[in-house]
Amino acid sequence: MADLEISVDKLTYCHSPHLPPSLTDIDVHLPKGSRTILVGANGAGKSTLLQILAGKRLIIANDAKVLIKGRDVFRDSPPGVTHLGTEWAMNPVVRGDIVVSHFLDSVGGYRHKERRDHLLDILDVDLDWHMHAISDGERRRVQLCMGLMQDWEVLLLDEVTVDLDVQVRDDLLRFLKEDSEKRGATILYATHIFDGLSEFPTHVAHMRLGSFATPPTPWPPVQGDPVLKQAVEVSSHSLYKVALQWLREDRLYRRELEKNGRKTRGARREQAVPTDSEIFYKKYDYSH
């Protein structure tokens, strides 16, 4: 459909041929200008999906289609796609002794001065900071300024607000919402922080063990919405409470699978602990 900005069909992905799929039969269809929150437990497949959409992980299944703006993300890479994830702040290059103003200029900040300056104010960035001497949260602010200062059409966010203080996060989300509404830009945002987020999305989706338990669904829900009806009755339209209920259901679902042979998590209370100290320390002696 022409009005779809993100379109994924029949996507299955394995990190290794020897491992079970990380994503199984994924379908996503998101309209231009939508802002979708991805909800899911750690390991649900959210980051993998975003990386595939960004063209960072190659898929080889012939029947899978991954399109942004109607273009194949691997064979005909669409312009205007920005992906921001948590791994950036761990790169040793951005932890070197470089002044923030020089760093932003080195990635073209001077070409987007008006928008860059607006983001510097929103994110409360000091241009005289040295990248090696600032906190993780401050380094995250620099990343966001760098990634957002050029106009984007599709923004893929993977937990990039985790290091931000409440005020900066709120100001950033307000900016992203206004920017999306003004330019018709599309956002797909995976996060575990739902406080203050209920007014942000146009859609919410729930991933569980590599599949969609709830596909992207309009938010806030309309009266009698069969997909979100039960969660909304409990939550009074609180995205935090909807997410919490979904994650609790995920754990119960996984434990039922564990009863039927899936590898279990948690403590192994039946595992014997050696009572002989020599045997115990020999087992855990890593000096050799």
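Our subject is the structure that appears above.
My aim in this report is to walk through the structure given alongside it, one point at a time. Because the structure is a prediction, the values reported are computed rather than measured.

### Details of the nonpolar core
Then, in step 1: Grouped together as the largest cluster of nonpolar side chains are 43 residues, with contacts concentrated most on Ile37, Val142, Leu148 and Leu176.
Then, in step 2: Looking at this core, the elements with two or more residues in it are β3 (35–39), α2 (100–106), α3 (113–123), α4 (136–148), β7 (154–158), α5 (166–183), β8 (186–190) and α7 (239–259).
Then, in step 3: Sort the elements by how many residues they give to this core and α5 lands first, with five residues.
Then, in step 4: With residues near it in sequence (within four places) discarded, Leu176 still touches Leu148, Trp152, Leu155, Leu157, Ile187 and Phe200.
Then, in step 5: If you look at the next biggest cluster of nonpolar residues, it comprises 27 residues, including Leu30, Ala64, Ala205 and Phe212.

### A word on the packing of α3 against α4
Then, in step 1: Where α3 contacts α4, the axes come no closer than 9 Å and their chain directions differ by 155°. The angle between the axes of α3 and α4 places the two elements in the roughly antiparallel class. The hand of the α3/α4 crossing is right-handed. Across from Arg115, Arg116, Leu119, Leu120 and Leu123 in α3, the residues of α4 making contact are Arg141, Leu144, Cys145 and Leu148.
Then, in step 2: A breakdown of the residues in the contact of α3 with α4 according to their chemical character gives six nonpolar, no polar and three charged.

### Observations regarding the pairing of β7
Then, in step 1: Among the five residues of β7, five are classified as buried, and the element is accordingly described as predominantly covered.
Then, in step 2: Neither face of β7 is open: one carries Val154, Leu156 and Asp158, the other Leu155 and Leu157, and all of them are buried.
Then, in step 3: As defined by bridge partners, strand β6 (residues 81–84) adjoins β7 across four bridges and the pair is classed as parallel. Across the sheet, residue Leu84 finds its bridge partner in β7, namely Leu157.

### Observations concerning the pattern of salt bridges
Then, in step 1: Within this structure, the stated rule accounts for 21 salt bridges.
Then, in step 2: Where Asp117 meets Lys113, a salt bridge forms, and the shortest distance between an N and an O atom there is 2.7 Å. In this pair, Asp117 and Lys113 both sit in helix α3, four residues apart, roughly one turn of the helix.
Then, in step 3: By relative accessible area, which is 48% here, Lys113 ends up partly exposed.

### Comments concerning the packing of aromatic side chains
The geometry of two aromatic rings is summed up by the distance between their centres and the angle between their planes.
Then, in step 1: Here the structure, examined in full by the defined rule, presents one aromatic pair.
Then, in step 2: Ring centres of Tyr189 and Phe200 lie 6.3 Å apart, and the angle between their planes is 80°; this geometry places the pair in the edge-to-face category. On the criterion of sequence distance, the pair formed by Tyr189 in strand β8 and Phe200 in the loop between β8 and β9 (203–208) is long-range, its members being eleven residues apart.
Then, in step 3: Here the guanidinium or amino end of Arg35 rests over the ring plane of Phe200, the centre of that ring lying 5.8 Å away.
Then, in step 4: Over the face of the ring belonging to Trp152 we find Arg183, whose NZ or CZ atom lies 4.9 Å from the ring centre.

### Quick look at α7
Then, in step 1: If you check α7, its first and last C-alpha atoms are 31 Å apart, about what 21 residues at 1.5 Å a residue would give, namely 30 Å.
Then, in step 2: Buried residues of α7: Leu239, Val242, Ala243, Gln245, Trp246, Asp250, Arg254 and Glu258, and no others.
Then, in step 3: After α7 finishes, the residue Gly261 shows a positive phi value of roughly 115°.

### So, the sheet that holds strand β10 (residues 211–218)
Two modes of strand pairing occur in sheets, parallel and antiparallel, and in both the strands are linked by backbone hydrogen bonds.
Then, in step 1: Read from one edge of the open sheet, six strands run β6-β7-β8-β3-β9-β10, paired in mixed fashion. Each edge of the open sheet carries a strand with a single partner, namely β6 and β10. When strand polarity is set aside, the average angle formed by the axes of neighbouring strands in this sheet is 10°.
Then, in step 2: On the sheet, α4 packs against β6 and β7 and is oriented at approximately 170° with respect to β6.

### Here's the deal with unusual backbone geometry
Then, in step 1: Of note, the bond from Trp219 into Pro220 is cis; its omega dihedral lies within 30 degrees of zero at 0°.
Then, in step 2: With respect to the secondary-structure elements, Pro220 resides in the loop between β10 and α6 (229–235).
Then, in step 3: For Lys69, which is not glycine, the phi torsion reads 55° and is therefore positive.
Then, in step 4: In this structure, Lys69 sits in the loop between β4 (65–68) and β5 (71–72).
Then, in step 5: Phi is positive for Glu159, close to 60°, though the residue is something other than glycine.
Then, in step 6: Residue position: Glu159 is located in the loop between β7 and α5.
Then, in step 7: By relative accessible area, Glu159 is classed as buried at 12%.

What counts, and at which threshold
- Residues take numbers from 1 onward in each chain, read along the sequence in its written order.
- Two thresholds apply to this predicted model, a pLDDT of at least 70 for residue-level local features and 80 or more for giving and counting side-chain atom pairs, whereas whole-chain, interface and lining totals are computed over all residues.
- Remark: hydrogens and water are excluded; side-chain values derive from all non-hydrogen atoms of the structure.
- We call a set of buried Ala, Val, Leu, Ile, Met, Phe, Trp, Tyr and Cys residues a nonpolar core when their side-chain atoms join them within 4.5 Å.
- Burial classification: accessible surface area is computed with a 1.4 Å probe over protein chains only, and a residue below 20% of its type maximum counts as buried, one above 50% as exposed, and the rest as partly exposed.
- Helix and strand assignments follow DSSP, with helices taken as H or I runs no shorter than four residues and strands as E runs no shorter than two, numbered in order from the N terminus.
- Note on definitions: a residue-residue contact is assigned when non-hydrogen atoms from the two residues lie within 4.5 Å.
- Between N-to-C directions, angles cover 0 to 180 degrees, with each direction set by a line fitted to C-alpha atoms, over the stretch in contact for helices.
- Orientation is classified from the angle alone, with under 35 degrees giving roughly parallel, over 145 giving roughly antiparallel, 65 to 115 giving roughly perpendicular, and any other angle giving oblique.
- The handedness criterion is simple: a crossing whose near helix is rotated anticlockwise from the far helix by less than a right angle is left-handed, and one whose near helix is rotated clockwise is right-handed.
- Put simply, Ala, Val, Leu, Ile, Met, Phe, Trp, Tyr, Cys and Pro go in the nonpolar bin, Asp, Glu, Lys and Arg in the charged bin, and everything else, Gly too, in the polar bin.
- What makes two strands pair is DSSP finding at least two bridges between them.
- One speaks of a salt bridge when a side-chain nitrogen belonging to Lys or Arg is within 4 Å of a carboxyl oxygen belonging to Asp or Glu.
- Think of it this way: a Phe, Tyr or Trp ring, Trp meaning its six-membered ring, pairs with another when their centres are within 6.5 Å, and the plane angle makes it stacked under 30 degrees, edge-to-face over 60, tilted otherwise.
- A ring is considered to have a charge above it if a Lys NZ or an Arg CZ atom is located within 6 Å of its centre and within 35 degrees of its normal.
- What a helix is expected to span follows from its residue count: subtract one and scale by 1.5 Å.

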